[in-house]
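A structural walkthrough
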Amino acid sequence: MCSAIFMYWTTMRLLSNSPQPIMVVSSESMEPTFYRGDLILLWNRQRDVQVGDIPVVWFAGRPLPMVHRAIKVYYNQSSPTAEQLILTKGDNNLVDDTSIYPPGRPFIQQQDIIGLVRGYIPVMGLFALLAKEGPWVLYLSLAFLLVASIVL
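Per an unreviewed UniProt entry, the recorded name for the protein is Signal peptidase complex catalytic subunit SEC11, and the organism is Massariosphaeria phaeospora. In UniProt, the protein has this text filed under Subcellular location (unreviewed entry): "Endoplasmic reticulum membrane".

Next comes the structure, spelled out in structure tokens:
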């Protein structure tokens, strides 16, 4: 069973080209597009980010990623590769994300992105979120499984 899950995860990582092809939404910043507990499906084989895309950004040294919509996209013409500079904002936030970018960085760059959201499954990650925030949920579930296995 564990090897099948590992193979599935590895296949998803290879197909999506993302280190985290499936993630759980953990905040309200993207409501009403996504809600806490929704599973999001990532794809990281795009060449460029477009305005309206929802990149998942994970800055080095940060414990959690950020899932916010691209609201402006610029091209740095002074860069030899015309690198993209992207400004993001949560759908449920009043202001853009420049205040939560690393110091001195007014934009995100392609190397900060681990994938674009290409689909979602409502509510399916809620159990994982509850188990992380309150270990009692996990213990209660394990106790239920243990009792069910004894009874059946």
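Having seen the structure, we can now continue with the description.
Now for the overall build of the protein. When you go through the protein residue by residue, the secondary structure sums to 3 helices and 7 strands. Taken from the N to the C terminus, the helices and strands of the protein come in the order α-β-β-β-β-β-β-β-α-α. Across its three principal axes, the protein shows a C-alpha extent of roughly 70 × 35 × 25 Å. The proportion of buried residues among the 152 residues of the protein is 33%. In the protein, the share of contacts with a sequence separation of at least 24, taken over all contacts with a separation of at least 6, comes to 54%.

For the rest of this paragraph, the subject is the packing of aromatic side chains. All told, the structure shown has 3 aromatic pairs when counted by the stated rule. When the centroid spacing of 5.3 Å and the interplanar angle of 75 degrees are considered together, the rings of Phe34 and Tyr120 count as edge-to-face. On the criterion of sequence distance, the pair formed by Phe34 in the loop between strand E1 (22-24) and strand E2 (39-43) and Tyr120 in strand E7 (residues 113-121) is long-range, its members being 86 residues apart. Under the relative-accessibility criterion, Tyr120 is labelled partly exposed at 43%.

With that settled, the discussion passes to the packing of helix H2 (residues 126-133) against helix H3 (residues 135-151). Following both chains from N to C, one finds H2 and H3 inclined at 115 degrees, their axes separated by 4 Å at the closest point. When the axes of H2 and H3 are compared, the pair comes out roughly perpendicular. Contacts between H2 and H3 involve Phe127, Leu130, Ala131 and Glu133 from the first element and Pro135, Val137, Leu138 and Ser141 from the second. A breakdown of the residues in the contact of H2 with H3 according to their chemical character gives 6 nonpolar, 1 polar and 1 charged.

Once that is clear, we can look at helix H1 (residues 2-16). With 15 residues, H1 should cover 21 Å at 1.5 Å per step; its first-to-last C-alpha distance of 21 Å lies within 8% of that length. A positive phi of about 60 degrees marks Asn17, the residue just after H1.

Spatially, the 5 strands line up as an open sheet ordered E1-E2-E7-E3-E4, and their pairing is antiparallel. Strands at the two margins of the open sheet, each flanked by one partner only, are E1 and strand E4 (66-67). In terms of strand pairing, strand E3 (residues 55-57) meets E7 through 3 bridges, oriented antiparallel. Each bridged residue has a counterpart across the sheet, and for Val56 the counterpart in E7 is Gly115.

Here we come to the confidence of the model for the protein. Counting all residues, the mean pLDDT for the protein is 90, and 99% of those residues have values of 70 or more. Within the protein, the lowest mean pLDDT, 77, falls on H2, and the highest, 97, falls on E3.

Analysis parameters
- Residues numbered from 1 in each chain as written.
- Predicted model: local features only at pLDDT ≥ 70, side-chain atom pairs only at ≥ 80, totals over all residues.
- Heavy atoms only, no water.
- UniProt positions renumbered as here; feature names shortened; annotations may be inferred.
- Helix = DSSP H or I, 4+ residues; strand = E, 2+ residues; numbered from the N terminus.
- Buried < 20%, exposed > 50% of the residue type's maximum accessible area, 1.4 Å probe, protein only.
- Contact = heavy atoms within 4.5 Å.
- Phe/Tyr/Trp six-rings, centres within 6.5 Å; stacked < 30°, edge-to-face > 60°.
- Axes fitted to C-alpha atoms, helices over the stretch in contact; angles between N-to-C directions.
- Parallel < 35°, antiparallel > 145°, perpendicular 65-115°, else oblique.
- Nonpolar A, V, L, I, M, F, W, Y, C, P; charged D, E, K, R; others polar.
- Expected span 1.5 Å × (residues − 1).
- Pairing = 2+ DSSP bridges.
- pLDDT = per-residue confidence, 0-100.

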